[in-house]
Amino acid sequence: MYPFNPNKPTLYTSKTCPFAHRTVICLAETGVDYETIYINLRDKPEWYPLINPASKVPAMRLTSGDILVESLIISEYLSELYPQAGLMPEDPFDKYRIRIFIENFSANLQTSPYVLLRNGDNDSKHAKLNELVNKLHQLNKLLMESSPEGPFFLGEKFTLADIATFPFIERLFMAAKLLGMSIENISGLERFYQWSDAIRNRPSYKSTVASYDELAASYKRHIPK
Ligand SMILES: N[C@@H](CCC(=O)N[C@@H](CS)C(=O)NCC(=O)O)C(=O)O
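- As annotated in an unreviewed UniProt entry, the protein carries the name GST N-terminal domain-containing protein and is attributed to Furculomyces boomerangus.

Considering the UniProt feature "domain: GST C-terminal" (unreviewed entry) in the protein
Reasoning step 1: Cross-referencing UniProt, the feature "domain: GST C-terminal" (unreviewed entry) maps to residues 91–225 in the present numbering.
Reasoning step 2: In the segment residues 91–225, helix accounts for 67% and strand for 0%; the C-alpha atoms at its two ends are 49 Å apart.

Some remarks on the domain arrangement of the protein
Reasoning step 1: On domain assignment, one finds that the protein holds domain 1 (10–85) and domain 2 (92–222).
Reasoning step 2: For domain 1 versus domain 2, the distance between C-alpha centres works out to 22 Å.
Reasoning step 3: Opposite the 17 residues of domain 1 that make contact, domain 2 presents 22 residues.
Reasoning step 4: Buried surface at the junction of domain 1 and domain 2, both sides included, amounts to about 1,800 Å², of which 60% is carbon and sulfur.
Reasoning step 5: If you look at where domain 1 meets domain 2, you find 3 salt bridges.
Reasoning step 6: The closest approach of N and O atoms between Glu 76 and Arg 99, which form a salt bridge, is 2.9 Å.
Reasoning step 7: In this structure, the connection of domain 1 to domain 2 is made through 9 residue pairs in polar contact (both at pLDDT 80 or more).
Reasoning step 8: For the side of domain 1 that touches domain 2, the secondary structure elements donating two or more residues are helix 1 (18–30) and helix 3 (71–81).
Reasoning step 9: The biggest single contributor to the side of domain 1 that touches domain 2 is helix 1, with 9 residues.
Reasoning step 10: Here the side of domain 1 that touches domain 2 is built from residues that sort into 8 nonpolar, 4 polar and 5 charged.

Examining the side chain of Ser 79
Reasoning step 1: You can see Ser 79 is positioned in helix 3.
Reasoning step 2: Of the residues examined, Ser 79 reaches a relative accessible area of 5% and is grouped as buried.
Reasoning step 3: Beyond its immediate chain neighbours, meaning those up to four positions away, Ser 79 contacts Leu 87, Met 88 and Leu 160.

What about the pairing of strand 1 (residues 10–13)?
Reasoning step 1: Burial along strand 1 is two-sided: Thr 10 and Tyr 12 and Leu 11 and Thr 13, pointing in opposite directions, are all buried.
Reasoning step 2: Bridge count for strand 1 against strand 2 (residues 35–38) is 4 bridges, and the pairing is parallel. Each bridged residue has a counterpart across the sheet, and for Thr 10 the counterpart in strand 2 is Glu 35.
Reasoning step 3: Direction of pairing for strand 1 relative to strand 3 (residues 59–61): antiparallel, over a ladder of 3 bridges. Residue Leu 11 lies in a different strand from strand 3, and its bridge partner there is Met 60.

Notes on the site of the ligand
Reasoning step 1: Taken together, Cys 17, Pro 18, Phe 19, Leu 41, Lys 44, Ser 55, Lys 56, Val 57, Pro 58, Glu 70 and Ser 71 make up the full set of residues adjacent to the ligand.
Reasoning step 2: Within the side chain of Lys 56, one N or O atom sits 3.3 Å away from an oxygen atom of the ligand.
Reasoning step 3: At 2.6 Å, a side-chain N or O of Ser 71 approaches an oxygen atom of the ligand.
Reasoning step 4: Look at the ligand: alone it shows 510 Å² of surface, and the protein chains cover 75% of it.
Reasoning step 5: The site holding the ligand turns out to be the largest pocket.
Reasoning step 6: Counted by class, the shell around the ligand contains 6 nonpolar, 2 polar and 3 charged residues.

Focus: the sheet that holds strand 1
Reasoning step 1: Pairing in this open sheet of 4 strands is mixed, and the strands run 2-1-3-4 from one edge to the other. Two strands close off the open sheet at either side, each with one partner strand: strand 2 and strand 4 (67–69). For this sheet, the mean inter-axis angle between neighbouring strands, taken without regard to orientation, is 20°.
Reasoning step 2: Of the strand pairs in this sheet, strand 3 and strand 4 are connected by 3 bridges, and their pairing is antiparallel. Along strand 4, the bridge assignment pairs Arg 61 with Ile 67.
Reasoning step 3: The sheet strands contacting helix 1 are strand 1 and strand 3, and the helix crosses strand 1 at an angle near 150°.

Quick notes on a nonpolar patch on the surface
Reasoning step 1: A cluster of nonpolar residues, Phe 93, Tyr 96 and Ile 100, forms a patch on the protein surface that exposes about 330 Å² of accessible area.
Reasoning step 2: Counting through the fold element by element, Ile 100 comes out in helix 4 (residues 92–108).

Rules used in this analysis
Residues numbered from 1 in each chain as written. Predicted model: local features only at pLDDT ≥ 70, side-chain atom pairs only at ≥ 80, totals over all residues. Heavy atoms only, no water. UniProt positions renumbered as here; feature names shortened; annotations may be inferred. Helix = DSSP H or I, 4+ residues; strand = E, 2+ residues; numbered from the N terminus. Domains from an automatic or database assignment. Contact = heavy atoms within 4.5 Å. Buried area = accessible area lost by both parts, 1.4 Å probe. Salt bridge = Lys/Arg side-chain N within 4 Å of Asp/Glu carboxyl O. Polar contact = N/O pair within 3.5 Å; in protein donor to acceptor, adjacent residues only side chain to side chain. Nonpolar A, V, L, I, M, F, W, Y, C, P; charged D, E, K, R; others polar. Buried < 20%, exposed > 50% of the residue type's maximum accessible area, 1.4 Å probe, protein only. Pairing = 2+ DSSP bridges. Near = heavy atom within 4 Å. Areas by Shrake-Rupley, 256 points an atom, 1.4 Å probe, with all protein chains shown as cover. 1 Å grid on protein atoms, 1.4 Å probe; cavity = no way out; pocket = protein on both sides within 12 Å on 5 of 7 lines; lining within 4 Å. Sits in = over half its atoms within 2 Å of the grid points. Axes fitted to C-alpha atoms, helices over the stretch in contact; angles between N-to-C directions. Patch = residues over 30% accessible without salt bridge, like charges linked within 9 Å, V, L, I, M, F, W, Y side chains within 5 Å.

Right, here's the structure in full:
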């Protein structure tokens, strides 16, 4: 058997995982009471495949005994279960806009922290960072087109568009810094920085994000030796 709380949802998570962070932010936004069980990803408990056969975090056990996996799908589930949190708008076209934004992000920027760190042992890291900055300009453009005034993707509303994507950008900021580079203060990325600052100031984000030191300690293993 595996550990769980029979009286509330149990989240199996890791503080530094960007996928798990999506779920944690959604849970904080809904205000639901839940139990957290941290999984050491370098030394997983032998019972963990009973929770998720893919052996990944996050996973969430409901009090019914059902277990949910896959961060985006859990996030959508929570947004539907708690519509009052407003994480997914009702308008079908706004839903489409959020989903296509996440899809585009997944294809272009989701792996960016890992890509940068994998090139972190040689001079090609500067060229890699330039490629990623070009993608951040594209992201800045998408944010401008969606809501010129911001601060979030959909303007005043904090939604799954922000929650599903920014955890990876947090790790991109960290990866650049860890390699002695930076993605701060780049001209033309003003809307991107406005978006980043607004998310970092959101209580559900601020109270759950891992520190730079925690992230750096966990991600430095991606830099080739
Ligand atoms: N598609 C999954 C990806 C989750 C994922 O890759 N989690 C990583 C940590 S960031 C993990 O659990 N890795 C453990 C492993 O692969 O053994 C989701 O969105 O939930």
